[in-house]
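Listed below, chain by chain, are the residues.
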Amino acid sequence: MNIICAVSTAPGVGGIAVVRLSGRDANVLAERFLNRRLSPRMATFCELRDDDELVDEVVATFFEGPHSYTGEDVVEVSCHGSMFIQQRVLQLFIDAGARLAEPGEFTQRAFMNGRLDLSQAEAVADLVESRSGLSHRLAISQMRGGYALELESLRQQLIDATALLELELDFSDEDLEFVSRDRVSHMVADLKDRVGKLVDSFQMGNAVKHGIPVAIVGRPNAGKSSLLNALLKEDRAIVSDIPGTTRDTIEETMTIDGITFRFIDTAGLRKSVDPIEDLGFKRAIKSAQQASIILYVHPVTVPFTESAIGDITYITDQCDMREKHLFVVHNKCDLPHESNPSGHIVSAKEGIGIDSLMQSLVKVARKDASQNDGVLLTNARHYEAMQRVLAALGEVQKDLDAGLTPDLVVINLRDALYHLGTITGKVTSDEVLSSIFSRFCVGK
Ligand SMILES: Nc1nc2c(ncn2[C@@H]2O[C@H](COP(=O)(O)OP(=O)(O)OP(=O)(O)O)[C@@H](O)[C@H]2O)c(=O)[nH]1
Ligand SMILES: [Mg+2]
């Protein structure tokens, strides 16, 4: 018998817990303990018994295959949430012949039965894990929104281009060639453009999923750690008037208006003979390189002259600024100072200007996340595959430009289609499958 079962609610005690069964005639197995017939799409109140002993009062819901999450017969038993009852119910089902599910096995079955494609199954894992409004929106878009539609539309266009070339092969002596060549060229250029945009969106997509990295950099004593604390509204980092207080990077996440940020406080930028401080300096630069947003902190009490401009030039030289923003944050505005420079003026100590800085961060993050109509690549596996699609399309373009015969051009087009197929699972190896589904929790 091939029925799997697991507790699908979070581990621990809750008001109720859901034990899920999936497999052919899962309802028949459940009915042995429920002493009632289950009707499809109905929630039934039952007494769950082990022989004569009443174990719990439960509500059982039966989803008859193929109209269920997995595509098989599924029963969900909502019992009271004690660990003892959960384990007892599970044990009864196992003794009756069900098997404990592997992580992600319900979703894996849904994939095997064609209820979801692979990218949608991965989106289910992201959805379960999503912690902010924006990452939730992206996971939903991956599951059934813009991203899923874009993948399908790319696939269709690749198939159309291949078909056109194959048609040319069949009728090679007619005048078909010129018309179709031109059309294929246009199609490939358009595909390359769209795939390129997806590839470019990965950095942002990944940032939204794991938190948008914001590096706080500047000279020693500028007030970087104070700014981190002010942004988090929490005494997270040590602050002192001794230059070089922070020696390592300190990282903390925070969700504002549905967007998760990863704030990274760094060691002060100065060359030092102290090897540890020097390591701190290198780490600070590395944080800036990996960040989506760099906050360069400078005290208003110190004139904004060569040294600050030198720092900023140094940072922008070290970083790829195409996908980054740099904000100059003039700190310590509570202290007497001569002029009001342009940029963000704050006092980390007194909490002045912090909310407005935060709003600016949210604003640029929102704008970045809406690039490519909000269709972003968030999954590293998809990113890799999409890069291969792009490379294959580049080859197709070269072949077309070189005037190669359709039978040769088609080879690279098929290659592009193959790599696209690995994303949705149309072509996938068992190893890839098991590595994807092992990311899930048991019961999903
Ligand atoms: N008056 C005033 N003092 C501040 C402000 N922000 C920071 N300070 C002070 O400036 C000193 C240095 O602050 P930190 O936050 O430790 O500076 P840092 O940039 O992290 O310094 P390092 O870790 O040494 O690189 C401390 O004495 C803070 O109290 C501010 O807005 N106003
Ligand atoms: Mg510090």
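Within any chain, residue numbers begin from 1 and follow the written order of that chain's sequence. All chains are assigned letters beginning at A, and all ligands numbers beginning at 1, according to the order in which they are written. The predicted nature of this model means local features are confined to residues of pLDDT at least 70 and side-chain atom pairs, given and counted, to a pLDDT of 80 or more, with totals for whole chains, interfaces and linings taken over all residues. Note that water and hydrogens are dropped before the side-chain values are worked out from all heavy atoms of the structure.

Section: the overall build of the protein
Strands here mean DSSP runs of E at least two residues long; helices mean DSSP runs of H or I at least four residues long; both are numbered from the N terminus. A tally of helices and strands in the protein yields 15 helices and 12 strands. Note on method: radius of gyration uses C-alpha positions; expected globular size equals 2.2 Å times residues raised to 0.38. Taking 2.2 N^0.38 as the reference for a compact globule, 444 residues should give roughly 22 Å; the C-alpha atoms of the protein span a radius of gyration of 29 Å, well beyond that estimate. Projected onto the principal axes, the alpha-carbon positions of the protein cover approximately 80 × 80 × 35 Å. For the protein, the proportion of its 444 residues judged to be buried stands at 48%. Pairs of residues are marked as contacts when any of their non-hydrogen atoms sit within 4.5 Å. Pairs at least 24 apart in sequence give 65% of the contacts found in the protein among residues at least 6 apart. Of the accessible surface of the protein, which amounts to about 21,800 Å², a share of 52% is contributed by carbon and sulfur atoms. Note that His is not counted, nor are the chain ends; the positive residues are Lys and Arg, and the negative ones are Asp and Glu. Here the site of a charge means atom NZ of a Lys, CZ of an Arg, CG of an Asp or CD of a Glu. Positive and negative charge centroids in the protein, built from 46 and 64 side chains respectively, lie 4 Å apart. When accessible area is computed with a 1.4 Å probe and restricted to protein chains, residues below 20% of their type maximum are described as buried, those above 50% as exposed, and intermediate ones as partly exposed. Areas reported as accessible are Shrake-Rupley estimates using a 1.4 Å probe. Residue values count occlusion only from the protein chains shown.

A few points about the coordination of the magnesium ion (ligand 2)
Coordinating donors are taken to be N, O and S atoms lying within 2.8 Å of the metal, or within 3.2 Å when the metal is Na, K or Ca; because water is excluded from the atom set, some sites may appear incomplete. Summarising the metal site, the magnesium ion (ligand 2) is bound by the protein donors Ser 225 (OG) and Thr 246 (OG1), whose distances to it range over 2.0 to 2.1 Å. With Ser 225 in helix α9 (residues 224-232) and Thr 246 in the loop between α9 and β8 (250-256), this pair connects stretches of sequence that are 21 residues apart. In this pair, the class of Ser 225 matches that of Thr 246, namely buried.

Some words on the site of ligand 1
Near ligand 1 lie 24 residues; those nearest to it are Lys 224, Ser 226, Gly 244, Thr 245 and Asp 334. Identification of polar contacts relies on pairs of N or O atoms within 3.5 Å, with a donor-acceptor requirement for protein atoms, meaning one able to donate a hydrogen and the other able to accept it, and with residues adjacent in sequence counted only if both atoms are side-chain atoms. The contact in question runs from an oxygen atom of ligand 1 to an N or O atom on the backbone of Ala 222, over 3.2 Å. Against a free-state accessible area of 650 Å², the protein chains account for coverage of 92% of ligand 1. Ranked by residue count, the leading element in the shell around ligand 1 is α9, at 3 residues. Residue classes in the shell around ligand 1 are distributed as 7 nonpolar, 11 polar and 6 charged. Here a residue is considered near a molecule or strand provided that any single heavy atom belonging to it is located within 4 Å of it. All residues other than Ala, Val, Leu, Ile, Met, Phe, Trp, Tyr, Cys, Pro, Asp, Glu, Lys and Arg, Gly among them, are scored as polar; the first ten of these are nonpolar and the last four charged.

Quick word on α9
Burial analysis of α9 places 9 of its 9 residues in the buried class, the great majority of the element. Within α9, the full set of buried residues consists of Lys 224, Ser 225, Ser 226, Leu 227, Leu 228, Asn 229, Ala 230, Leu 231 and Leu 232. On its buried side, α9 packs onto β7 (212-218), β8, β9 (259-265), β10 (293-299), β11 (325-331) and α12 (354-369).

Some words on the domain arrangement of the protein
An automatic or database domain assignment supplies the residue ranges for each domain. Here the domain parsing of the protein yields domain 1 (4-117), domain 2 (120-201 + 378-425) and domain 3 (207-372). Computed from C-alpha coordinates alone, the two centres of domain 1 and domain 3 are separated by 51 Å.

As for the packing of aromatic side chains
Centres within 6.5 Å make a pair out of two Phe, Tyr or Trp rings, where for Trp the six-membered ring is used; the pair is then stacked when the planes are under 30 degrees apart, edge-to-face when over 60, and tilted otherwise. All chains considered together, the criterion is met by 5 aromatic pairs. Ring plane angle 10° and centroid distance 4.0 Å describe the contact between Phe 202 and Tyr 383, whose orientation is recorded as stacked. Linking Phe 202 in helix α8 (residues 202-210) with Tyr 383 in helix α13 (residues 380-401), this pair joins segments that are 181 residues apart in sequence. Exposure remark for Tyr 383: the relative accessible area of 24% places this residue in the partly exposed category. Ring centres 6.2 Å apart and planes at 35° place the aromatic pair Phe 281 and Tyr 314 in the tilted group. Taken together, the positions of Phe 281 in helix α10 (residues 275-290) and Tyr 314 in helix α11 (residues 306-318) put the pair 33 residues apart, joining distant regions of the chain.

Structural notes on unusual backbone geometry
At the junction of Gly 65 and Pro 66, the peptide bond is cis and its omega measures out at 0° in the coordinates. Among the structural elements, Pro 66 can be located in the loop between β4 (53-63) and β5 (74-80). You will see that Arg 41, though not glycine, has its phi angle at about 60°, which is positive. If you trace the backbone, Arg 41 turns up in the loop between α1 (26-34) and β3 (43-50). Although it is not a glycine, Asn 372 sits at a positive phi angle of roughly 50°. For Asn 372, a relative accessible area of 26% translates into the label partly exposed.

Notes on the pairing of β5
As defined by bridge partners, strand β2 (residues 16-22) adjoins β5 across 7 bridges and the pair is classed as antiparallel. The residue of β5 that forms the bridge with Leu 21 is Val 75. When DSSP locates at least two bridges between a pair of strands, those strands are taken to pair.

Notes on the sheet that holds strand β12 (residues 344-345)
With respect to topology, 6 strands assemble into an open sheet ordered β8-β9-β7-β10-β11-β12, the strand pairing being mixed. Taken across any chain shown, the strands that pair with only one partner, and hence form the sheet edges, are β8 and β12. Looking at chain direction, β10 and β11 are connected through 7 bridges and run parallel. When the bridges of β11 are listed, Ile 293 appears paired with His 325.

Observations regarding the sheet that holds β3
Adjacent strands of a sheet form backbone hydrogen bonds with each other and so pair up, either parallel or antiparallel. Sheet architecture is open: 6 strands sit in the order β3-β4-β5-β2-β1-β6, paired in mixed fashion. Here the strands that pair on one side only, and so sit at the sheet edges, are β3 and β6 (99-100). In this description, a line fitted to the C-alpha atoms serves as the axis of each element, helices being fitted only across the stretch in contact, and the angle between N-to-C directions of two axes falls anywhere from 0 to 180 degrees. Contacts between α1 and the sheet are confined to β2, β3, β4 and β5, with β3 contributing the most and set at about 60° to the helix. Seen against the sheet, helix α3 (residues 105-112) touches β1 (4-7), β2 and β6 and runs at an angle of roughly 135° to β1.

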